[in-house]
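Residue-level structural notes
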Protein chains: 2
Amino acid sequence: MYSVFMSTPERLIESTRELLWERGYVGTSPKAIQQHAGAGQGSMYHHFAGKPDLALAAIRRTAEEMRATADAVLGGDGSAYARIESYLLRERDVLKGCPVGRLTMDPDVIASDELRAPVTETLDWLRDRIAGIVEEGRSQGEFTDALVPQDIASTVVATVQGGYVLARSSGSPAAFDTAVRGLLALLAAARTPPARS
Amino acid sequence: MYSVFMSTPERLIESTRELLWERGYVGTSPKAIQQHAGAGQGSMYHHFAGKPDLALAAIRRTAEEMRATADAVLGGDGSAYARIESYLLRERDVLKGCPVGRLTMDPDVIASDELRAPVTETLDWLRDRIAGIVEEGRSQGEFTDALVPQDIASTVVATVQGGYVLARSSGSPAAFDTAVRGLLALLAAARTPPARS
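Residues numbered from 1 in each chain as written. Chains lettered and ligands numbered in written order. Predicted model: local features only at pLDDT ≥ 70, side-chain atom pairs only at ≥ 80, totals over all residues. Heavy atoms only, no water.

To continue, consider the overall build of chain A. Along chain A, the regular secondary structure elements total nine helices and zero strands. By residue count, 53% of the 197 residues in chain A fall in the buried class. By sequence separation, contacts in chain A at least 24 residues apart represent 65% of the contacts at least 6 residues apart. Of the accessible surface of chain A, which amounts to about 8,300 Å², a share of 50% is contributed by carbon and sulfur atoms. (Helix = DSSP H or I, 4+ residues; strand = E, 2+ residues; numbered from the N terminus. Buried < 20%, exposed > 50% of the residue type's maximum accessible area, 1.4 Å probe, protein only. Contact = heavy atoms within 4.5 Å. Areas by Shrake-Rupley, 256 points an atom, 1.4 Å probe, with all protein chains shown as cover.)

Under the definition given, this model contains 20 salt bridges over all chains. One network of salt bridges, in which partners are shared, links Glu10(A), Glu14(A), Arg17(A), Arg61(A) and Glu65(A). (Salt bridge = Lys/Arg side-chain N within 4 Å of Asp/Glu carboxyl O.)

Okay, the interface of chain A and chain B next. Facing 52 residues of chain A, the contacting portion of chain B comprises 52 residues. Counting each side, the surface lost to burial between chain A and chain B is near 4,400 Å², with a carbon and sulfur contribution of 66%. The largest per-residue losses of area from chain A upon contact with chain B belong to Met105(A), Arg168(A) and Leu186(A), which jointly make up 17% of the total buried on that side. Our count for the contact surface shared by chain A and chain B stands at four salt bridges. The residue Arg23(A) makes a salt bridge to Asp108(B) at a minimum N-O spacing of 3.1 Å. Linking chain A to chain B there are 14 residue pairs in polar contact (both at pLDDT 80 or more). Elements that contribute at least two residues to the side of chain A that touches chain B include exactly helix H1 (8–23), helix H6 (107–111), helix H7 (113–139), helix H8 (149–170) and helix H9 (174–191) of chain A. (Buried area = accessible area lost by both parts, 1.4 Å probe. Polar contact = N/O pair within 3.5 Å; in protein donor to acceptor, adjacent residues only side chain to side chain.)

Here the focus is the UniProt feature "domain: HTH tetR-type" (unreviewed entry) in chain A. UniProt tags residues 6–66 of chain A as "domain: HTH tetR-type" (unreviewed entry). Across residues 6–66 of chain A, the secondary structure splits into 77% helix and 0% strand, with the terminal C-alpha atoms separated by 22 Å. (UniProt positions renumbered as here; feature names shortened; annotations may be inferred.)

A few words on the relation of the copies chain A and chain B. Rotating chain A by 180° and moving it 0.0 Å along the rotation axis overlays it on chain B with an RMSD of 0.0 Å. Here the two chains are linked by the operation of a two-fold rotation axis. Proximity to the rotation axis, assessed at the C-alpha, singles out Gly162(A) in chain A; its C-alpha lies 2.0 Å from the axis. When you check the interface residues of chain A against chain B, 100% turn up at the interface there too, and the contact is symmetric in its surfaces. (Least-squares fit on C-alpha atoms with pLDDT ≥ 70 in both.)

This part takes up the UniProt feature "DNA-binding region" (unreviewed entry) in chain A. In this numbering, the UniProt entry assigns the feature "DNA-binding region" (unreviewed entry) to residues 29–48 of chain A. The span residues 29–48 of chain A is 75% helix and 0% strand, and its two end C-alpha atoms sit 14 Å from each other.

Residue and element names in this part refer to chain A. In a regular helix each residue adds 1.5 Å, so 16 residues correspond to 22 Å; H1 covers 22 Å between its end C-alpha atoms and thus fits that length. Among the residues making up H1, those that are buried are Arg11, Leu12, Ile13, Glu14, Ser15, Thr16, Arg17, Leu19 and Leu20. Against helix H2 (30–37), helix H3 (41–47) and helix H4 (51–74) lie the buried residues of H1. A positive backbone phi angle near 80° is found at glycine 24, which sits one or two residues after H1. (Expected span 1.5 Å × (residues − 1).)

Of the residues making up helix H5 (residues 80–89) of chain A, those classed as buried are Ala80(A), Tyr81(A), Arg83(A), Ile84(A), Tyr87(A) and Leu88(A). The buried residues of H5(A) all sit within an arc of 165° when viewed along its axis, so they share a single face. (Arc of directions from axis to C-beta.)

Here the focus is the packing of aromatic side chains. Aromatic rings in a pair are described by how distant their centres are and how their planes are angled relative to each other. All names here are of chain A. Under the defined criterion, the tally for this structure stands at two aromatic pairs over all chains. Seen from their ring centres, tyrosine 164 and phenylalanine 176 are 5.2 Å apart, and the 45° between their planes marks the pair as tilted. Here tyrosine 164 is found in helix H8, whereas its partner phenylalanine 176 is found in helix H9, with twelve residues between them in sequence. Summarising the burial analysis for this pair, tyrosine 164 and phenylalanine 176 share the class buried. The ring of tyrosine 87 carries the charged tip of arginine 92 above its face, separated from the ring centre by 4.8 Å. (Phe/Tyr/Trp six-rings, centres within 6.5 Å; stacked < 30°, edge-to-face > 60°. Lys NZ or Arg CZ within 6 Å of the ring centre and 35° of its normal.)

Here we come to the side chain of Arg92(B). All names here are of chain B. As for its placement among the helices and strands, arginine 92 is situated in the loop between helix H5 (80–89) and helix H6 (107–110). Buried and unpaired, arginine 92 has aspartate 177 as its nearest opposite-charge partner, separated by 7.8 Å. Engagement of the side chain of arginine 92 in a polar contact is seen with the side chain of tyrosine 164, the distance being 3.1 Å. Excluding residues within four positions of it along the chain, arginine 92 makes contact with Tyr87, Val160, Tyr164 and Phe176. (Lys, Arg positive; Asp, Glu negative; His and termini not counted.)

Here the focus is the nonpolar core. Counting residues in hydrophobic clusters, the biggest one holds 122 residues, and the most contacted among them are Ile130(A) and Ile130(B). Beyond its immediate sequence surroundings of up to four residues, Ile130(A) is in contact with Leu74(A), Ile84(A), Tyr87(A), Ala153(A), Val156(A) and Val157(A). (Core = buried A, V, L, I, M, F, W, Y, C linked by side-chain atoms within 4.5 Å.)

Running from amino to carboxyl end, H8(A) crosses helix H9 (residues 174–191) of chain B at an angle of 100°, the nearest separation of the two axes being 7 Å. Considering their axes alone, H8(A) and H9(B) lie roughly perpendicular with respect to each other. Contact residues: Gln150(A), Asp151(A), Ile152(A), Ser154(A), Thr155(A) and Ala158(A) in H8(A); Thr178(B), Ala179(B), Arg181(B), Gly182(B), Leu183(B) and Leu186(B) in H9(B). A per-class count over the contact of H8(A) with H9(B) returns five nonpolar, five polar and two charged. (Axes fitted to C-alpha atoms, helices over the stretch in contact; angles between N-to-C directions. Parallel < 35°, antiparallel > 145°, perpendicular 65-115°, else oblique. Nonpolar A, V, L, I, M, F, W, Y, C, P; charged D, E, K, R; others polar.)

Encoded structure:
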């Protein structure tokens, strides 16, 4: 499944990332990881103390990637609205859900301070990053003062996370797009005063 | 755990509902259900064909309950904004997540047309119900015409579903409330024209 040039620990981490995204932590057995990675049991326990240790390495890497991708889009040019729009419209594997956010529904991840930490840090970082952009837009008169940056940032992140739920429920990415369109329309309404009726 | 006056099938369904909410479908074994319900293996298979059959009964009941609760709030008095606000602010067991929405992250539920159906129907119904209220608010001049009812309804449902993700990630219901407050501020901005700066 992986290049023969990839080391065994690498194959184990990459396999764990894929299985966590697809089946969650509870649904991923050490045996499934070994089979996916083409590694023996002895080899896995030589490199990692166990499933939690391996999962932590996998979650950390996934979290770093998500952060880098989001930062690239959010750090682009344009108005606050345009940057949030770019973030919301960036290409996503919608039907697979968020590889970080979905872990919050995993009872064993939430029960472990260690496994939950990279999830919490990444979503907190994302929220703060977007809140900074809303604050910028507000101070430059782009958004109305009625918007509280941390609140709006939470709504943006929640819409994306909930958009995955709608898409997976309906089996179509369209439901994700609909939720994003609605949010953009609301953000646009908070940006320029609508015509009085 | 349950009253002795509750029948065995009832105890099995209620146990399955609780376990599905807490551990998901993949993480819920027939044995765990039997232990939780205080029922033997023979008794379980006497009443239900197996885990999928029992899960279907449990999911249907949870979906019906969620629908009834949402309908009671959304069908109340007041403006379109006020009814959506009541829905968003209704009391929730935020840290447990949505018993229906969380199933979308369960690969075995999504892979089964039968198990997914009540999830899809409930979320679709909720979206349509809220879209009807937005449409009403729009036709009565409460919301700006720029709002597309289905889009806004999807954003409302997504914010709630994603709000659970944020709450579980941070271990605090506050993150859910923040996302809801942001959405309400945006809806308010789309309702009354903000003062021109």
